[in-house]
Number of protein chains: 2
Amino acid sequence: MPSTKTCDLKTKLFRGLSDSSRLAILNVLRAKALTVNEIVERTGLSQSNVSNHLACLRCCDLVIHEQHGRYVYYQLSNDRIAQLLDLADELLAEVAQGVSQCQNYS
Amino acid sequence: MPSTKTCDLKTKLFRGLSDSSRLAILNVLRAKALTVNEIVERTGLSQSNVSNHLACLRCCDLVIHEQHGRYVYYQLSNDRIAQLLDLADELLAEVAQGVSQCQNYS
DNA sequence: AGAACATATCAGTGGGTAGTGATATGTTCT
DNA sequence: AGAACATATCACTACCCACTGATATGTTCT
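Model, not experiment: these values are computed from the prediction.

Colleague: What is the right way to read the interface of chain A and chain B from this model?
Modeller: How big an interface is tends to be stated in terms of the accessible area lost upon association of its parts. On the chain B side, the residues contacting the 44 residues of chain A number 43 residues. Breaking the side of chain A that touches chain B down by element, the ones donating at least two residues are α1 (4-17), α2 (20-29), α4 (47-59) and α5 (79-101) of chain A. For the side of chain A that touches chain B, the element with the highest residue contribution is α5 of chain A, accounting for 17 residues. Residues belonging to the side of chain A that touches chain B are distributed by class as follows: 23 nonpolar, 11 polar and 10 charged.

As structure tokens, then:
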């Protein structure tokens, strides 16, 4: 059974995933490594917003980046991230309606 | 590839998991079904706090409840929830340090 | 060197939400 | 019926965090 400390870290990990911008970024990165601008185009988010969130995701070791010339390529750092997203989809397949209706948060 | 709508729902699902109280509740429920009071004792949270979060988790179909006399037993609704928590632990095993250091949120 | 492009950083603000306390509802005793 | 227990509901407040806009840093051209 996870300790309190591990639980708090897990809370923080999930908080990293509980933002629509960050999740959109992780989602477009599932296909392949992308530059910041490509991420901006595909998500429709502003550049500074994407960059801010990338800093967060990078700091949390959820993505890694590689500078190629003046472009910076980002990709998922770990296969388990995609697995986690997949598993979340599977769970959602069964609880989507409930989650959708829940009024406690948006 | 998940649609925007699915992504938003996933965001909401993760938001459900991104609170230390809710995660603590889900965590103690992994062992077995518990009454509200047992959850209160094991998590150290206040009764109203636990009850509020249980309402949220119940609404999201993440837990189910059964009334037995004056006690209400709660349990996880779906095996994938525990799987998701396990997978998060596995991912954390590799990114814990980064997550821990990240200053973007607490 | 300077211009154009690509990305990062930072401070400020507004909106959302978690926790508390009081109270309501529901159940099982005597 | 009434008391004691178990749980749920609700309104309020304080805090946290996501987005924006401006600007800084870094890179590759001519």
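Past the structure itself, the notes keep going.
Colleague: So what exactly am I meant to see when it comes to the packing of helix α2 (residues 20-29) of chain B against helix α4 (residues 47-59) of chain B here?
Modeller: Two numbers describe a pair of packed helices, the interaxial angle and the distance between the axes. Residues and elements named next belong to chain B. Where α2 contacts α4, the two axes come as close as 10 Å, and the packing angle between them is 80°. Of the possible angle classes, the one that applies to α2 and α4 is roughly perpendicular. Packed against α2, whose contacting residues are S21, R22 and I25, the element α4 presents N49, V50, H53, L54, C56 and L57 at the interface.

Colleague: I keep staring at α4 of chain B and nothing clicks. Help me out?
Modeller: It helps to recall that an α-helix has 3.6 residues per turn; residues three or four apart then point in one direction. Residues and elements named next belong to chain B. When the terminal C-alpha atoms of α4 are compared, their 18 Å separation across 13 residues agrees well with the 18 Å that a helix rising 1.5 Å per residue should span. Among the residues of α4, those classed as buried are V50, H53, L54, C56 and L57. Seen end-on, α4 carries its buried residues on one side only, within an arc spanning 160°. In α4, the exposed residues that point more than 90 degrees away from the buried face are Q47 and S48. Just past α4, the residue D61 takes up positive phi, approximately 65°.

Colleague: What should I look at first to understand the relation of the copies chain A and chain B in this one?
Modeller: Superposition of the two copies of the chain requires a rotation about an axis and a shift along the axis. The transform that puts chain A on chain B rotates by 180° and translates by 0.0 Å along the axis, for an RMSD of 0.0 Å. Such a combination of turn and shift is consistent with a two-fold rotation axis. Across chain A, the rotation axis passes nearest the C-alpha of F14 of chain A, at a separation of 2.9 Å. A symmetric contact is evident, with 98% of the interface residues of chain A recurring at the interface of chain B.

Colleague: Sorry, what's going on with the sheet that holds strand β3 (residues 71-76) of chain A here?
Modeller: Backbone-to-backbone hydrogen bonds pair the strands of a sheet. The strands run either parallel or antiparallel. Here we have three strands laid out as an open sheet, ordered β1-β3-β2 (chain A), and antiparallel in their pairing. Each end of this open sheet is capped by a strand with a single partner; those strands are β1 (34-35) and β2 (63-68) of chain A.

Colleague: I tried to follow the protein's contact with DNA strand C on my own but got confused; where do I start?
Modeller: Near DNA strand C you find 25 residues, and of these T35, N37 and Y105 of chain A together with S48 and G69 of chain B are the closest. A per-class count over the surface near DNA strand C returns six nonpolar, 16 polar and three charged.

Colleague: Any chance you could explain the protein's contact with DNA strand D here in plain terms?
Modeller: Among the 25 residues in the neighbourhood of DNA strand D, the closest are listed as S48 and G69 of chain A together with T35, N37 and Y105 of chain B. With six residues, the single largest contributor to the surface near DNA strand D is α4 of chain B. Along the lines of polarity and charge, the residues of the surface near DNA strand D split into six nonpolar, 16 polar and three charged.

Colleague: How should the environment of C56 of chain A be read in this particular structure?
Modeller: As for its placement among the helices and strands, C56 of chain A is situated in helix α4. Residue C56 of chain A is classed as buried on the basis of its 20 C-beta neighbours within 10 Å. Taking C-alpha positions, C56 of chain A is 8.8 Å from R22 of chain A, a pair spaced 34 residues apart along the chain. In contact with C56 of chain A, other than residues within four places in its own chain, are G16 and R22 of chain A together with C102 and N104 of chain B.

Rules behind the numbers
- Residues numbered from 1 in each chain as written.
- Chains lettered and ligands numbered in written order.
- Predicted model: local features only at pLDDT ≥ 70, side-chain atom pairs only at ≥ 80, totals over all residues.
- Contact = placed C-beta atoms within 7 Å.
- Helix = DSSP H or I, 4+ residues; strand = E, 2+ residues; numbered from the N terminus.
- Nonpolar A, V, L, I, M, F, W, Y, C, P; charged D, E, K, R; others polar.
- Axes fitted to C-alpha atoms, helices over the stretch in contact; angles between N-to-C directions.
- Parallel < 35°, antiparallel > 145°, perpendicular 65-115°, else oblique.
- Expected span 1.5 Å × (residues − 1).
- Buried ≥ 20, exposed ≤ 12 C-beta atoms within 10 Å, placed from the backbone.
- Arc of directions from axis to C-beta.
- Least-squares fit on C-alpha atoms with pLDDT ≥ 70 in both.
- Pairing = 2+ DSSP bridges.
- Near = placed C-beta within 6 Å.

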